[in-house]
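Inside the fold
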Amino acid sequence: GDIMYSTKGKIDHLDEYNELIHKKIHEGYYYSINTIGNLSAGASRILVFKTPVDKYIHLTLPNIEVDAGRLLIEIFANPVIQNQGTPIRISNHNANSSVVSGITYIQLGNTLSSNGVTLFNSYVFGGNKIPGTNIPIREEFILTPDTMFALKLTNEYNVSQYYSHYQSWYETLENYR
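Attention here is on the structure that accompanies the text. All of these numbers come straight from a predicted model, not from anything done at the bench.

Here the focus is the sheet that holds strand β2 (residues 44–50). One open sheet holds the six strands; their spatial order is β7-β9-β2-β13-β5-β11, and the pairing between them is antiparallel. The open sheet terminates on both sides in strands that have one partner only, identified here as β7 (86–87) and β11 (117–125). Here strand β5 (residues 70–77) runs beside strand β13 (residues 148–155); their pairing, made up of seven bridges, is antiparallel. If you follow Phe76 over to β13, its bridge partner there is Ala150.

Written as structure tokens, this is what we have:
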């Protein structure tokens, strides 16, 4: 996206960001999760996680693909969990690192009694030729420490559809790089 039509300043910024990510991978502080599934018409899938007390999570916007229709993506701060989900494995992008993510609570399949504060919402549109993905992966949120967050995917298409969700983040002791 950005590189094809950006000014030189944006290209320089993208190179700087890629170098930062590369550094975080080597340091062992870059993590991700990946989920896949099938959502029936009108159904939602919710991922809930809690940020650590002593670190800032730099969360990239999710990379989502769907095979048809429209998928609503929402990110909430301070949701109220009604039912627990299933824990998910976090991958450290440096397989040689013994560093573990500060996120110790991360579950998929939760239900919420309250969404909390909406931080982000957008649609991903699928199609009959190429799976849809239109979320700018280079955007990020610096999340508040010691706070619950939820990512909610809702199938707004009239039939079930498959999805793939990739989420990555890095961790720092400050709210900047």
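What follows covers the side chain of Lys152. Locating Lys152 in the fold gives a position in strand β13. The side chain of Lys152 sits in the buried core without any salt bridge; Glu74 is the nearest counter-charge, 4.6 Å away. Excluding anything up to four places from it in sequence, Lys152 contacts Ser44, Arg45, Ile46, Leu72, Ile73, Glu74, Phe76 and Asn115.

Tracing the chain through its elements places Thr35 in strand β1 (residues 30–39). Aside from chain neighbours lying at most four places away, what touches Thr35 is Ile88, Leu108, Tyr163, Ser164 and His165.

This next bit is on the pattern of salt bridges. Tallying each qualifying case throughout the model produces five salt bridges. A salt bridge links Lys55 to Glu171; the nearest nitrogen and oxygen atoms lie 3.6 Å apart. Here Glu171 lies in strand β14 (residues 161–172) and Lys55 lies in the loop between β2 and β3 (56–60), a separation of 116 residues in the sequence. Residue class for Glu171 comes out buried when judged on its relative accessible area of 2%. The network of salt bridges with common partners includes Lys23, Lys24 and Glu27.

Criteria and thresholds
- Residues numbered from 1 in each chain as written.
- Predicted model: local features only at pLDDT ≥ 70, side-chain atom pairs only at ≥ 80, totals over all residues.
- Heavy atoms only, no water.
- Pairing = 2+ DSSP bridges.
- Helix = DSSP H or I, 4+ residues; strand = E, 2+ residues; numbered from the N terminus.
- Buried < 20%, exposed > 50% of the residue type's maximum accessible area, 1.4 Å probe, protein only.
- Lys, Arg positive; Asp, Glu negative; His and termini not counted.
- Salt bridge = Lys/Arg side-chain N within 4 Å of Asp/Glu carboxyl O.
- Contact = heavy atoms within 4.5 Å.

As far as function goes, none of this settles anything; it's purely spatial.
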